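Spelled out, the chains give:
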Amino acid sequence: MNHDVKDLSLAPRGRLKMEWAARSMPVLESIKNRFAREKPFKGIRIAACLHVTSETGNLMKVLQAGGALVSLTASNPLSTQDEVAAALARYERLRVFSIKGEDNATYYRHINQALDIRPHITMDDGADLVSTLHSRRRRLLEEVIGGTEETTTGVIRLRSMAGKNVLRYPIIAVNDAKTKHFFDNRYGTGQSTLDGVLRATNILLAGMNVAVAGYGWCGRGIAFRAKGAGSRVIVCEIDPLKAIEAVMDGFEVMTMKDAAPKADVFITVTGNKNVIRREHFLRMKDGAIVANAGHFNVEIDIPGLKASSRKRREVRPFVEEYTLRNGRRIHLLGEGRLINLAAAEGHPAMVMDMSFANQALSVAHLVRFGKTLEKKVYPVPEKIDEQIAALKLKTMGLAIDVLTAEQKRYLAEWQEGT
Ligand code: ADE
């Protein structure tokens, strides 16, 4: 079977969505044009496990333009845009296996179907494809040249695999490129997370107490965007340095235990599990809203919430109301899955342009040099990062200064002081 999507008749809408996104992805477009001429992926099979969005659709078209045979599966059961999956299957003849709301068994069946392509290259967002390949589909490992990883959580898992000597091929950590995490994680997650919370609830952020757990690049983005919308922002952290940074950025810093009775909205984005637990739910106000923007749905202790509740009902799409035994109601958004993709459309194309330019160029790098690399996690080559930054600026119509000869000399010297 070459696809498993919700409904092929959604395809026209999906194509329009991809077209709309493409207008904000000029860097990716320029790479596509080059790949279409040079065909760097001729004879290459690529299995991608990414959020199936219009931006991802455009990335898939770039890989195909370069001559690759591509299969695509979702990196989260709730992040697929069904109309995009339909458009890719119908108009691009892509092997797509993803349906929004699929259960866990279907999610892994789809990953396996994407792997049936026998990939030379893997593209992952969270490392579920790589871990499936290294556990249940080991025979396919022989043909794999290399892979890319999109997100912080995936990079952490892969580093753990490399550290334990179980990683069987080199992987480029796209997440760690400056043109990725400084922008996608911060501005992309910042805006799209609040977009997801707002689309699900239609609350007014002005005047709300918003607690953000985790002050990495994503947490910083969410905190600043919430502040910009008029919320009073509380940051919960476990890293003293990040906590100081949050204080000096103007946020209140406290433990989750202390934040629990204060905040109206809670957003987890730590990459760790059970950040909001039973003991916290029991201290929350009636009507508290709890959402997650981290990669996996482990940050909120949902079993603990269920066990503490006497009633549960869906009050709006993506909003479940849990009535605790103490009578207070907690609203869990998007089943604790990444709310920006569950209830909204993920990061805007403008920022995915750089992330996916990193993906496309990293795949080209792996196709050329993968066989010479060790079975480790590699950074995106600095040249690629710089090239993307320069291209993005150019497409924004912005020019920057260049060093004069005198300034270059000055930077290379050590004698000249006060
Ligand atoms: N991750 C976050 N936003 C995304 C998007 N729009 N497309 C693909 N992956 C994403």
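Higher on the page you've got the structure.
In this text, all values refer to a predicted model and were calculated from it rather than measured experimentally.

*Asks:* Explanation requested: the packing of aromatic side chains in the structure shown.
*Replies:* Each pair of aromatic rings is reported with the distance of its centres and the angle of its planes. A complete count under the given rule lists seven aromatic pairs for this structure. Measuring from ring centre to ring centre gives 5.2 Å for F224 and F251, while their planes differ by 75°; the resulting arrangement is edge-to-face. With F224 in helix α9 (residues 217-228) and F251 in the loop between α10 (240-248) and β10 (252-253), the pair connects residues that are 27 residues apart, well separated along the chain. Residue classification places F224 among the partly exposed positions, given a relative accessible area of 34%. On the accessibility criterion, F251 (6% relative accessible area) is buried. An aromatic cluster is defined as three or more aromatic residues linked by ring pairs; in this entry it consists of F182, F183, Y187 and W217. The ring of W217 has R220 lying over it, and the distance from NZ or CZ to the ring centre is 4.2 Å. Against the face of F251 rests K227, its NZ or CZ located 5.0 Å from the ring centre.

*Asks:* Where do I start with the site of the ligand in this structure?
*Replies:* Close to the ligand lie H51, T53, E55, T56, L341, E345, G346, H347, M352 and F356. In the environment of the ligand, a nitrogen atom lies 2.9 Å from a nitrogen or oxygen atom belonging to the side chain of E55. The separation between a nitrogen atom of the ligand and a polar main-chain atom of H347 is 2.8 Å. The set of elements that each furnish at least two residues to the shell around the ligand consists of α3 (54-65) and α15 (349-369). Across the shell around the ligand, the residue classes break down as three nonpolar, five polar and two charged.

*Asks:* Quick question: what am I supposed to make of the packing of helix α8 (residues 178-201) against α15 here?
*Replies:* For any two helices packed against each other, one specifies the inter-axial angle together with the distance between the axes. Two elements in contact, α8 and α15, have axes separated by 9 Å at closest approach and are oriented at 145°. Seen from above, α8 lies across α15 with left-handed handedness. Counting all contacts with α8, which are made through T179, K180, F183, D184 and G188, the residues of α15 involved are V351, M352, M354, S355 and N358. When its residues are assigned to classes, the contact of α8 with α15 shows four nonpolar, four polar and two charged.

*Asks:* How should a nonpolar patch on the surface be read in this particular structure?
*Replies:* On the surface, I244, V247, M248 and V253 cluster together to form a nonpolar patch covering roughly 390 Å² of accessible area. When residues of the nonpolar patch are assigned to their parent elements, the largest contribution, three residues, is made by α10. With respect to the helices, strands and loops of the structure, V247 is situated in helix α10.

*Asks:* What am I meant to see in the pairing of strand β9 (residues 232-236) here?
*Replies:* Consecutive side chains of a regular strand alternate in pointing toward one face of the sheet and then the other. Most of β9 is tucked away: four of the five residues are buried. In this view, the connection linking strand β8 (residues 209-213) to its parallel neighbour β9 by way of α9 has right-handed handedness. Across two bridges, β9 lies against β10 in parallel orientation. Looking across to β10, one finds that I234 is bridged to E252. As for the winding sense of the linkage, the β-α-β connection from β9 through α10 to β10 is right-handed.

The rules we used
- Residues numbered from 1 in each chain as written.
- Predicted model: local features only at pLDDT ≥ 70, side-chain atom pairs only at ≥ 80, totals over all residues.
- Heavy atoms only, no water.
- Phe/Tyr/Trp six-rings, centres within 6.5 Å; stacked < 30°, edge-to-face > 60°.
- Helix = DSSP H or I, 4+ residues; strand = E, 2+ residues; numbered from the N terminus.
- Buried < 20%, exposed > 50% of the residue type's maximum accessible area, 1.4 Å probe, protein only.
- Lys NZ or Arg CZ within 6 Å of the ring centre and 35° of its normal.
- Near = heavy atom within 4 Å.
- Polar contact = N/O pair within 3.5 Å; in protein donor to acceptor, adjacent residues only side chain to side chain.
- Nonpolar A, V, L, I, M, F, W, Y, C, P; charged D, E, K, R; others polar.
- Axes fitted to C-alpha atoms, helices over the stretch in contact; angles between N-to-C directions.
- Left-handed = near helix turned anticlockwise from the far one by under 90°.
- Contact = heavy atoms within 4.5 Å.
- Patch = residues over 30% accessible without salt bridge, like charges linked within 9 Å, V, L, I, M, F, W, Y side chains within 5 Å.
- Areas by Shrake-Rupley, 256 points an atom, 1.4 Å probe, with all protein chains shown as cover.
- Salt bridge = Lys/Arg side-chain N within 4 Å of Asp/Glu carboxyl O.
- Right-handed = clockwise from strand over helix to strand, strands pointing away.
- Pairing = 2+ DSSP bridges.

Keep in mind these numbers describe shape, not what the thing actually does.
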